[in-house]
Amino acid sequence: MNRQAVITGIGVVAPNGIGTDAFWKATREGVSVLDRVTRKGCEGLPLRVAGEVHGFDAASAIEERFVVQTDRFTHFAMAAADLALADARLSTDPDEPFAVGVVTAAGSGGGEFGQRELQRLWGQGPRFVGPYQSIAWFYAASTGQISIRGGFKGPCGVVASDEAGGLDAIAHACRNLHRDTGTDAVVVGAAEAPLAPYSAVCQLGYAELSLAAEADRAYLPFTAHACGFVPAEGGAMLVVEALDHALARGAEPRAVLAGHAATFTGPSRWAESREGLVRAIRGALDEAGCVPADIDVVFADALGTPDADLAEAQAISDVFGPHGVPVTAPKTGTGRAYCGSPLLDTAAAVLAIEHGTVPPTPQVTEVRDDLGLDLVTGRARSARLRTALVLSRGLMGSNAALVVKEYTP
Amino acid sequence: MSNDQIIQALTYDELASLMKSSAGITVDPQHLTASPDTPFAEYGLDSLGLLGIVGELENRRGVAITGEADSCKTPGSFMEVVNGSLKAGVI
């Protein structure tokens with residue numbers, strides 16, 4: 001039996017809003033929240049503009065012991081998981097603890113926590129390093145803490161990857177449901193906190209990182225002014241559930257996770273990413289039982305360098321034809337939160353389908369003519385949306401595509 | 001530090017403040033005093049948390065704490081092991 005996987009809960013902690021209502025309002029309006037980096041210790045770095053999550057109070061979002069024992073990226077993930085679980089009205093069934101699993105993706109880890117402890121190591125000595133360093137910096141921390149805190153003993157996993165790993169985590173969760181091994185739901189997603197000095201310095205080595213000083217010029221993919229991407233923090237968690245289980249408990253499916261595929265074409269080999277994306281898109285469409293004409297909107301990766309933008313536009317044209325499908329990139333208003341970024345796009349895709357609205361690409365006005373893209377800019381576009389395609393590429397060479405369909409009873 | 005210096009004993013007040021600063025767990029010191037046999041686990045303090053408290057105490061007192069204090073299950077047994085070790089004054 002191949003159980004269908006549906007989204008029953010969405011929890012967002014994003015630079016442009018905490019909670020799906022605030023997130024969708026800002027996304028629909030095309031608000032950009034890119035601004036000067038203000039995170040402590042980052043002031044003197046060449047990185048000038050980022051998408052920070054403001055107004056997130058960890059102490060009110062999660063228990064104090066997790067504030068002390070875990071990194072900011074886990075604070076985000078735990079808070080987002082709570083929001084998703086509340087949206088899905090799902091909690092642990094003490095009789096069925098193995099029915100719910102947890103999967104997260106991470107590309108950055110707990111850099112802020114780790115830096116603090118390493119400074120103690122070299123500043124004061126090994127006896128001053130706290131024991132929570134052993135788990136808090138680690139890519140797997142969020143999965144572990146969400147699992148322990150919620151009592152979720154089903155299949156747990158971590159995708160340690162570049163940006164596209166966010167979509168691969170969703171696919172990993174779906175596979176656990178498809179196989180029908182006793183898993184009814186998976187809490188899945190990604191949230192990152194790479195805006196800390198050590199983590200930011202690591203990113204300075206990326207040729208694709210935008211070091212522009214003006215927030216409205218720093219991240220302009222698909223334009224002649226493209227100068228790289230702006231990093232961000234935050235992300236989203238989802239409750240992904242077997243359709244039969246959701247219906248049996250009276251939960252409302254918000255969307256169907258219909259298909260996914262991933263390829264690898266090598267770090268920063270953007271010309272090659274064209275074919276990688278095409279294969280990922282075709283693979284995802286095949287799994288979803290879709291033809292290109294079924295796709296009503298594409299949420300683009302929108303890396304923001306001329307060669308990467310061209311490769312993505314070519315890939316979209318290869319599958320859909322020039323100007324063949326509306327394309328949007330809401331992330332130009334928030335920045336790229338690494339693995340969290342495609343999760344925010346997936347959340348936006350579900351909300352777009354629910355509202356019949358393609359959100360615009362903030363700040364982008366003059367799209368390159370040679371790209372053949374129908375990029376939605378300026379204002380949101382009303383449209384009947386049944387099926388959305390989310391694309392993601394990572395700096396280390398991963399490409400992934402996810403097909404999200406409206407749920408029809 | 002020499003052996004004839006008096007090393008300050010651990011109190012429930014200090015233990016409560018260490019649980020807060022090292023592991024983020026708020027607990028009333030009077031509760032620790034009144035119920036020394038309530039397991040640390042009931043307050044949400046795990047083994048890593050207790051290890052951190054032992055490390056912080058060693059840094060504050062400047063002595064090693066012997067007797068496997070980090071594997072104690074209750075505040076009462078922890079106080080006994082820690083203060084026994086401090087009294088012995090092993091450096």
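Treat the numbers as computed from the prediction; the structure is a model and nothing was measured.

**Q** Lay out the confidence of the model for chain B with the relevant residues and their values.
**A** Looking at chain B as a whole, the pLDDT averages 91, with 91% of positions reaching at least 70. Confidence metrics for the complex model read pTM 0.96 and ipTM 0.86.

**Q** Please give an account of the nonpolar core that cites residues and values.
**A** Residue and element names in this part refer to chain A. Of all hydrophobic cores here, the largest spans 57 residues; its most connected members are V298, F320, L389 and V403. Residue assignment for this core shows that the elements contributing at least two residues are β4 (49-50), α10 (243-248), β9 (255-264), α11 (270-288), α12 (306-320), β15 (387-393) and β16 (398-405). For this core, the leading source of residues is α11, giving eight residues. The two domains that each donate at least three residues to this core are domain 1 (5-255) and domain 2 (259-405). Beyond its immediate chain neighbours, meaning those up to four positions away, F320 contacts I281, P292, I295, V298, V325 and L389. Of all hydrophobic cores here, the second largest spans 45 residues; its members include A169, L351, A352 and A388.

**Q** Talk me through the interface of chain A and chain B; I want residue IDs and the actual numbers.
**A** Counting residues at the interface gives ten residues for chain A and 15 residues for chain B. It is R127, P131 and Y132 of chain A that lose the most area in chain A upon contact with chain B, and together they represent 48% of the buried surface on that side. Note that E64 of chain A and K20 of chain B form a salt bridge whose closest N and O atoms lie 3.0 Å from each other. Connecting chain A to chain B are eight residue pairs in polar contact (both at pLDDT 80 or more). Among the secondary structure elements, those contributing two or more residues to the side of chain A that touches chain B are α3 (64-69) and α6 (133-136) of chain A. If one sorts the elements of the side of chain A that touches chain B by residue count, α3 of chain A sits on top with four residues. Its residues placed into classes, the side of chain A that touches chain B shows five nonpolar, two polar and three charged.

**Q** I'd like a description of α12 of chain A, backed by residues and values.
**A** All names here are of chain A. An ideal rise of 1.5 Å per residue puts 21 Å on 15 residues; α12 measures up with 21 Å between its terminal C-alpha atoms. Along α12, the positions that sit buried rather than exposed are A308, D309, A311, E312, A313, A315, I316, S317, V319 and F320. Contacts made by the buried residues of α12 are with α11, β10 (297-299), β11 (326-328) and β15. Directly beyond the C-terminal end of α12, a positive phi value near 85° is found at G321.

**Q** Could you give an account of the pattern of salt bridges, naming the residues involved and the relevant values?
**A** This model, assessed by the stated rule, comprises 28 salt bridges over all chains. The partner of E14 of chain B in a salt bridge is R61 of chain B, and the shortest N-O contact between them spans 2.6 Å. Here the residue E14 of chain B occupies a position in helix α1 (residues 12-23), and R61 of chain B occupies one in helix α4 (residues 47-61), the gap between them amounting to 47 residues. Salt bridges sharing partners connect three or more residues here, namely E163, D301, E312, R336 and R393 of chain A.

**Q** Before we move on, could you go through the domain arrangement of chain A and cite the residues and values that matter?
**A** All names here are of chain A. When its domains are assigned, chain A resolves into domain 1 (5-255) and domain 2 (259-405). Computed over C-alpha atoms, the centres of domain 1 and domain 2 are 21 Å apart. Counting residues at the interface gives 63 residues for domain 1, matched by 63 residues for domain 2. The salt bridge involving R254 is made with E354; its shortest N-O contact spans 2.9 Å. In this structure, the connection of domain 1 to domain 2 is made through 22 residue pairs in polar contact (both at pLDDT 80 or more).

**Q** Residue-level account of the packing of aromatic side chains, with values.
**A** Geometry of an aromatic ring pair is reported as the spacing of the ring centres plus the angle between the planes. Summed over the entire model, instances satisfying the criterion amount to five aromatic pairs over all chains. Summarising the aromatic geometry, the rings of F229 of chain A and Y338 of chain A are spaced 6.0 Å apart at their centres and angled 85° between planes, so their arrangement reads as edge-to-face. Of this pair, F229 of chain A sits in the loop between α9 (197-203) and β8 (234-242) while Y338 of chain A sits in the loop between β11 and α13 (340-355), placing them 109 residues apart in sequence. Owing to a relative accessible area of 8%, Y338 of chain A belongs among the buried residues under this scheme. Arranged with centres 5.9 Å apart and planes meeting at 80°, the rings of F40 of chain B and F78 of chain B form a pair that is edge-to-face. Of this pair, F40 of chain B sits in helix α3 (residues 40-43) while F78 of chain B sits in helix α5 (residues 75-88), placing them 38 residues apart in sequence. In this pair, the class of F40 of chain B matches that of F78 of chain B, namely buried. Sitting over the ring of F113 of chain A, R116 of chain A keeps its end group 4.4 Å from the ring centre. Seen from the ring of F229 of chain A, R336 of chain A lies directly overhead, with NZ or CZ sitting 5.7 Å from the centre.

**Q** Requested: an account of the environment of I62 of chain A, with residues and values cited.
**A** Residue and element names in this part refer to chain A. With respect to the helices, strands and loops of the structure, I62 is situated in the loop between α2 (58-61) and α3. A residue is classified by how much of its surface remains accessible, and I62, at 4% relative accessible area, is buried. Separated by 85 residues in sequence, I62 and S147 place their C-alpha atoms 14 Å apart. The residues touching I62, leaving out its near neighbours within four places in the chain, are V67, H75, M78, A79 and R149.

**Q** Requested: an account of helix α4 (residues 72-88) of chain A, with residues and values cited.
**A** Owing to its 3.6 residues per turn, the α-helix aligns residues three or four sequence positions apart on the same side. Residue and element names in this part refer to chain A. Compared with an ideal rise of 1.5 Å per residue, which puts 17 residues at 24 Å, α4 spans 24 Å between its outermost C-alpha atoms and is within 8% of the ideal. The buried count for α4 comes to 13 of 17 residues, which makes it a mostly enclosed element. At the N-terminal boundary of α4, the capping side chain belongs to D71, with an oxygen 2.9 Å from the backbone nitrogen of F73. Of the residues flanking the end of α4, it is R89, one or two places downstream, whose phi is positive at about 50°.

**Q** Just give me the short version of the pairing of strand β1 (residues 5-14) of chain A, but keep the residues and values in it.
**A** All names here are of chain A. In terms of burial, β1 is a largely internal element, ten of the ten residues being buried. Relative to β8, β1 runs antiparallel, the two sharing eight bridges. Its bridge partner being in β8, V12 is matched across the sheet by A236. Here β1 runs beside β9; their pairing, made up of two bridges, is antiparallel. For V6, the partnering residue across the bridge sits in β9 and is V256. Counting the residues that bridge the hairpin from β1 to strand β2 (residues 17-18) gives two residues.

Each value, and the rule that gives it
- Residues numbered from 1 in each chain as written.
- Chains lettered and ligands numbered in written order.
- Predicted model: local features only at pLDDT ≥ 70, side-chain atom pairs only at ≥ 80, totals over all residues.
- Heavy atoms only, no water.
- pLDDT = per-residue confidence, 0-100.
- Core = buried A, V, L, I, M, F, W, Y, C linked by side-chain atoms within 4.5 Å.
- Buried < 20%, exposed > 50% of the residue type's maximum accessible area, 1.4 Å probe, protein only.
- Helix = DSSP H or I, 4+ residues; strand = E, 2+ residues; numbered from the N terminus.
- Domains from an automatic or database assignment.
- Contact = heavy atoms within 4.5 Å.
- Buried area = accessible area lost by both parts, 1.4 Å probe.
- Salt bridge = Lys/Arg side-chain N within 4 Å of Asp/Glu carboxyl O.
- Polar contact = N/O pair within 3.5 Å; in protein donor to acceptor, adjacent residues only side chain to side chain.
- Nonpolar A, V, L, I, M, F, W, Y, C, P; charged D, E, K, R; others polar.
- Expected span 1.5 Å × (residues − 1).
- Phe/Tyr/Trp six-rings, centres within 6.5 Å; stacked < 30°, edge-to-face > 60°.
- Lys NZ or Arg CZ within 6 Å of the ring centre and 35° of its normal.
- Pairing = 2+ DSSP bridges.

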